[in-house]
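So you can see what is in the structure, the chains are spelled out below.
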Amino acid sequence: MRWDNLNVEHGRAADTALFGADAVTTRTFDTPESRGITFHEVRARSVLNRVPGASRMPFEWTVNPYRGCSHACVYCFARKTHGYLDLDTGIGFDTQIVVKVNAPEVLRRQLGSGHWHGDHVAMGTNVDCYQRAEGRYRLMPGIISALTEHANPFSILTKGTLILRDLDLLVRAAQVTDVGISVSVGFLDPALWRTVEPGTPAPERRLDVVRTLGEHGIGCGVLMAPVIPFLSDHPEQLRTTVKAIADAGATSVTPLVLHLRPGAREWFTAWLGEHHPHLVRRYERMYAGGSYAPTWYQRRITRQVHELAREYGIGPTRAGAARRIRPAGPAPRPEPTQLTLM
């Protein structure tokens, strides 16, 4: 593995690596939630990552305590990043997880540096920071606490119900800085979910997260992503999904059509050939122009979802927006939450 190529430029080779090979400890755990997964524990030198200027992302800085993701979403655009380590971008991405075990203390040090100006920090934008490994390594409580101590605005995007474990910390953070929480729910179809997002909590459980956050004073938007052409884009499917999002109390819904970057494209195409071979040629035509679906198709889906959102009383979120949540009084402590994939 090319550990020395991990650096502040998202895995591109540079003179100063984030950590060296001598800082890596590889572990496996014989527990149900960790079986079949290898964890590569590293001690990072930096965890604040600047987003490349050419990126479409509406933010400049991210924190990613993990690389690789046991959610195993076949379309995940981050699969290519595993190739920087000479790791497989298919099953290797799902089962070889890099863990930056010192991420909270490194972040606290970087936030306290005179060079840091308190910019918004986005999390969960590369791989999910509330994937299965977080239940063991518990890096997010320290990360949230560090951001709270410095009143640094941040946002989290997740498919993981484990975020409810940190509800008290999020409520506390929202009292001193701008906090934006979004949950990703692209569709409700159980058969599609089981094959295309096999390691994630069920869509209904993710909507329970939206509902619970709202009940405790934290508004939560939904990234309706991905909308998968020919599999989850029928008007009635869109209506069912948007209605469920509205019923969960989401503050906003933002649709995002499936995009297939190199690394993810090959893995998704193999999945499509196995589960929906009749669609392979249609996808070849639709994505012949590159990683993104045609503009006309993206605009059609966006228009349909926004019309449904207005009908059900919710609206699109502004890209990159974070919301300041100030409860009128102390937020009630949540009941213990049973985390489940089903």
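Above this note sits the structure.
1. Some thoughts on the overall build of the chain
- Looking only at helices and strands, the chain features 12 helices and 11 strands.
- Expressed as a percentage of its 342 residues, the buried residues of the chain come to 55%.
- A total accessible area of about 15,200 Å² is found for the chain, and carbon and sulfur atoms account for 52% of it.

2. Overview of the sheet that holds strand E5 (residues 66–67)
- The sheet built from four strands is open, its strands ordered E1-E2-E6-E5 with mixed pairing. If you trace the sheet from one side to the other, it starts and ends with strand E1 (25–28) and E5, each paired once.
- Bridge count for strand E2 (residues 38–42) against strand E6 (residues 96–100) is five bridges, and the pairing is parallel. When the sheet's bridge partners are listed, histidine 40 is paired in E6 with valine 98.

3. Digging into the environment of isoleucine 156
- Within the secondary structure layout, isoleucine 156 lies in strand E8 (residues 154–158).
- Judged by relative accessible area, which is 2%, isoleucine 156 ranks as buried.
- A C-alpha to C-alpha distance of 8.4 Å links isoleucine 156 and cysteine 129, two positions 27 residues apart in sequence.
- Not counting residues up to four positions away in its chain, the partners in contact with isoleucine 156 are Met123, Cys129, Tyr130, Met140, Ile144, Ile163, Leu170, Gly180, Ile181 and Ser182.

4. Comments concerning the pattern of salt bridges
- Applying the stated rule across the entire model yields 14 salt bridges.
- Ionic pairing is found between aspartate 94 and arginine 79, a salt bridge with its closest N-O pair at 2.9 Å. Here the residue aspartate 94 occupies a position in helix H2 (residues 91–95), and arginine 79 occupies one in helix H1 (residues 79–82), the gap between them amounting to 15 residues.
- Look at aspartate 94 and you get buried, because its relative accessible area is 8%.

5. What to know about the packing of aromatic side chains
- This model, assessed by the stated rule, comprises eight aromatic pairs.
- Judged by centre distance (5.6 Å) and plane angle (50 degrees), the ring pair of phenylalanine 29 and phenylalanine 39 falls under tilted. Of the two residues, phenylalanine 29 sits in the loop between E1 and E2 while phenylalanine 39 sits in strand E2, which places them 10 residues apart along the sequence.
- Phenylalanine 29 sits in the partly exposed class, given a relative accessible area of 22%.
- The buried category is assigned to phenylalanine 39, whose relative accessible area is 2%.
- By way of ring pairs, the aromatic residues Phe230, Phe268, Trp271, Tyr283 and Tyr287 are connected into one cluster.
- Its end group placed over the ring of phenylalanine 230, arginine 282 keeps NZ or CZ at 3.9 Å from the ring centre.

6. Side note on helix H9 (residues 235–247)
- Its 13 residues give H9 an end-to-end C-alpha distance of 18 Å, which sits within 8% of 18 Å, the value for a rise of 1.5 Å per residue.
- Turning to H9, its buried residues number three or more, namely Leu238, Thr241, Val242, Ala244, Ile245 and Ala246.
- The secondary structure elements touched by the buried residues of H9 are helix H8 (203–215), strand E10 (220–227), strand E11 (253–257) and helix H12 (295–311).
- Two residues or fewer past H9, glycine 249 is found with a positive phi of approximately 90 degrees.

7. Thoughts on the pairing of strand E9 (residues 179–184)
- Of all six residues making up E9, five are buried, and the element is well covered by its neighbours.
- Strand direction decides the pairing type here: E8 and E9, joined by five bridges, are parallel. By the bridge assignment for E9, phenylalanine 154 is matched with valine 179.
- Examined bridge by bridge, E9 and E10 share four bridges and lie parallel to one another. Note on E10: the bridge partner recorded for serine 182 is glycine 221.

8. Observations concerning the packing of H9 against H12
- Between H9 and H12, the shortest axis-to-axis distance is 10 Å and the interhelical angle comes to 45 degrees. For the element pair H9 / H12, the angle class is oblique. The element H9 and its partner H12 pack so that their crossing is right-handed. Counted together, Pro235, Leu238, Arg239 and Val242 of H9 and Ile301, Gln304, Val305, Leu308, Ala309 and Glu311 of H12 form the full contact between these two elements.
- Class assignment for the residues of the contact of H9 with H12 results in seven nonpolar, one polar and two charged.

9. Quick look at the sheet that holds E9
- Taking strand neighbours across the sheet as the criterion, the seven strands line up as E3-E4-E7-E8-E9-E10-E11 in an open arrangement whose pairing is mixed. Looking at which strands have only one partner, the edges of the open sheet turn out to be strand E3 (48–50) and E11. Pairs of neighbouring strands in the sheet enclose a mean axial angle of 25 degrees, with direction left out of account.
- The strands touched by H8 are E9 and E10; relative to E9, the strand with the most contacts, the crossing angle is about 155 degrees.
- Packed onto the sheet, H9 meets E10 and E11 and runs at close to 160 degrees relative to E10.

Parameters and conventions
Residues numbered from 1 in each chain as written. Predicted model: local features only at pLDDT ≥ 70, side-chain atom pairs only at ≥ 80, totals over all residues. Heavy atoms only, no water. Helix = DSSP H or I, 4+ residues; strand = E, 2+ residues; numbered from the N terminus. Buried < 20%, exposed > 50% of the residue type's maximum accessible area, 1.4 Å probe, protein only. Areas by Shrake-Rupley, 256 points an atom, 1.4 Å probe, with all protein chains shown as cover. Pairing = 2+ DSSP bridges. Contact = heavy atoms within 4.5 Å. Salt bridge = Lys/Arg side-chain N within 4 Å of Asp/Glu carboxyl O. Phe/Tyr/Trp six-rings, centres within 6.5 Å; stacked < 30°, edge-to-face > 60°. Lys NZ or Arg CZ within 6 Å of the ring centre and 35° of its normal. Expected span 1.5 Å × (residues − 1). Axes fitted to C-alpha atoms, helices over the stretch in contact; angles between N-to-C directions. Parallel < 35°, antiparallel > 145°, perpendicular 65-115°, else oblique. Left-handed = near helix turned anticlockwise from the far one by under 90°. Nonpolar A, V, L, I, M, F, W, Y, C, P; charged D, E, K, R; others polar.

Geometric values such as these leave the question of function open.
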